[in-house]
Amino acid sequence: MDEVTFSPPLYKQRHQFIKDLVWEHKPKKVADLGCADCSLLWKLKFFRCIELLVGLDIDANVMQEKMYRLSPLPGDYVQPRERPLKVALYQGSVTEKDPCMLGFDLVTCIEIIEHLEETQVATFTDVVFGYMSPAMVVISTPNAEFNPLLPGLTGFRHKDHKFEWTKAQFQKWALDAAYQHGYTVKFSGVGVGPPGTEEKGFCTQIGLFTKKVLNTDDRQISDKKQLGHLYKPVFEVSYPSLQDMKYLRHAVILEVTNISDNIKRSLMNSCYKKKKNSCDSVHISCLETGSQTSDAILEPYISDRVLYIPLARLLTFPKLHRLCDNIDKLKEVLADRAVLSKDGSCLIVVIEIDEDWDCYTLDE
């Protein structure tokens with residue numbers, strides 16, 4: 001029989017399973033129980049759908065070793081997220097109830113249940129499925145039937161494991177937990193053995209639990225929140241996001257500056273091609289007719305060596321429109337940061353050009 005090897009490594013396959021799930025379901029609030037060195041949390045922080053990312057572990061020292069990786073990078077300030085992101089770490093046990101774990105879309109328990117005493121499994125089940133009651137739960141655990149395929153292994157896979165379940169044992173527990181707490185469960189796994197060992201199953205067996213009916217009973221949720229906080233905060237950070245006016249204003253000003261600079265650059269290039277002998281104001285869409293069409297109203301124009309760019313025209317640029325979807329919001333963001341026309345409809349940009357040219361128009 002061929003020696004068992006996994007490529008990519010088994011832990012990366014488990015993480016990829018979670019990443020694929022997040023990509024498919026777009027959860028906003030995700031918690032990783034037994035997060036250890038925060039490696040899964042670090043991978044999940046790059047998903048823009050997630051707004052709250054929480055890790056829990058019994059060992060604060062293990063979390064603290066690499067928790068700095070969860071902090072924002074310089075690029076996060078240059079290009080803030082559209083949605084907010086808060087990352088928090090807590091020290092505590094998965095057998096204890098704490099209100100900070102309520103209201104999650106996804107809770108992951110990767111290779112943690114086997115570290116509990118068997119007498120604690122029932123409490124763990126009640127805490128995760130009964131108290132936390134998230135929309136989805138992922139439980140992964142070693143498959144004991146696969147162990148004989150692992151070279152040199154005697155006993156359990158880790159010295160801290162209290163038990164390792166066969167496929168039948170895991171599925172019985174999972175089906176009982178799902179039935180008791182109103183979930184459905186699908187079984188999967190990662191880590192495929194050599195050809196001819198298919199009956200052993202996956203090296204890591206996984207249960208994906210989905211809540212049948214989400215809990216919307218405000219009174220019940222309120223009662224759960226009455227419990228005191230048992231978890232100890234270890235780390236917390238909020239990422240810059242466009243929901244914060246400070247970062248939104250910075251992003252909008254930067255984009256407006258880029259747009260106006262491009263328009264001005266086009267104008268200056270056209271200055272070498274076009275020269276009008278006598279006009280106080282020329283609209284780029286009305287050079288021949290002298291009248292403004294409905295499309296012309298959106299176009300930049302020059303008057304007294306000042307470039308006027310209608311705000312409505314600015315909003316036709318996709319990136320800026322994603323930042324500000326209406327003129328009123330754009331005006332609010334630009335307040336005190338840009339010069340607008342008296343009626344507030346245009347951005348004003350002063351054009352410094354040679355005295356010989358009185359007015360110019362952009363090339364179509």
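Residues numbered from 1 in each chain as written. Predicted model: local features only at pLDDT ≥ 70, side-chain atom pairs only at ≥ 80, totals over all residues. Heavy atoms only, no water.

**Digging into the overall build of the protein**
Quick note on the threshold: Put simply, DSSP H or I for four residues or longer makes a helix, DSSP E for two residues or longer makes a strand, and each gets a number counted from the N terminus. For the exposure calls, accessible area comes from a 1.4 Å probe over protein chains only, and a residue counts as buried if that area is under 20% of its type's maximum, exposed if over 50%, partly exposed in between. In this description, contact between two residues means that some pair of their heavy atoms is separated by no more than 4.5 Å.
When helices and strands are counted, the protein shows 11 helices and 12 strands. By the burial criterion, 47% of the 364 residues in the protein qualify as buried. The contacts of the protein with a sequence gap of at least 6 include a subset with a gap of at least 24, amounting to 74%.

**Focus on the pairing of strand β11 (residues 306-310)**
The criterion, for reference: The rule for pairing is simple: two strands pair if DSSP sees at least two bridges between them.
Judged by how many residues are buried, β11 sits mostly within the fold: five of five residues are covered. On β11, burial covers both faces: Val306, Tyr308 and Pro310 on one face and Leu307 and Ile309 on the other are all buried. Taken together, the three bridges between strand β10 (residues 301-303) and β11 define a ladder with antiparallel strand orientation. Each bridged residue has a counterpart across the sheet, and for Tyr301 the counterpart in β11 is Tyr308. Turn length for the β10-β11 hairpin, with the two strands adjacent in sequence and antiparallel, is two residues, and the turn residue Asp304 shows positive phi of about 55 degrees. In the sheet, β11 pairs with strand β12 (residues 346-350) via five bridges, with the strands oriented antiparallel. Residue pairing across strands places Val306 opposite Val350, the latter belonging to β12.

**Side note on the pattern of salt bridges**
Our working definition: Should a side-chain nitrogen of Lys or Arg be within 4 Å of a carboxyl oxygen of Asp or Glu, the pair is scored as a salt bridge.
Applying the stated criterion to the full structure yields nine salt bridges. Its salt-bridge partner being Glu236, residue Lys86 comes within 3.8 Å of it at the nearest N-O pair. With Lys86 in strand β3 (residues 86-91) and Glu236 in strand β8 (residues 232-238), this pair connects stretches of sequence that are 150 residues apart. The exposure class assigned to Glu236 is exposed, which follows from its relative accessible area of 51%. Between Glu299 and Arg313 there is a salt bridge; the shortest N-O distance is 2.3 Å. One end of the pair, Glu299, is in the loop between β9 (281-283) and β10; the other, Arg313, is in helix α9 (residues 311-314), with 14 residues separating them in the sequence.

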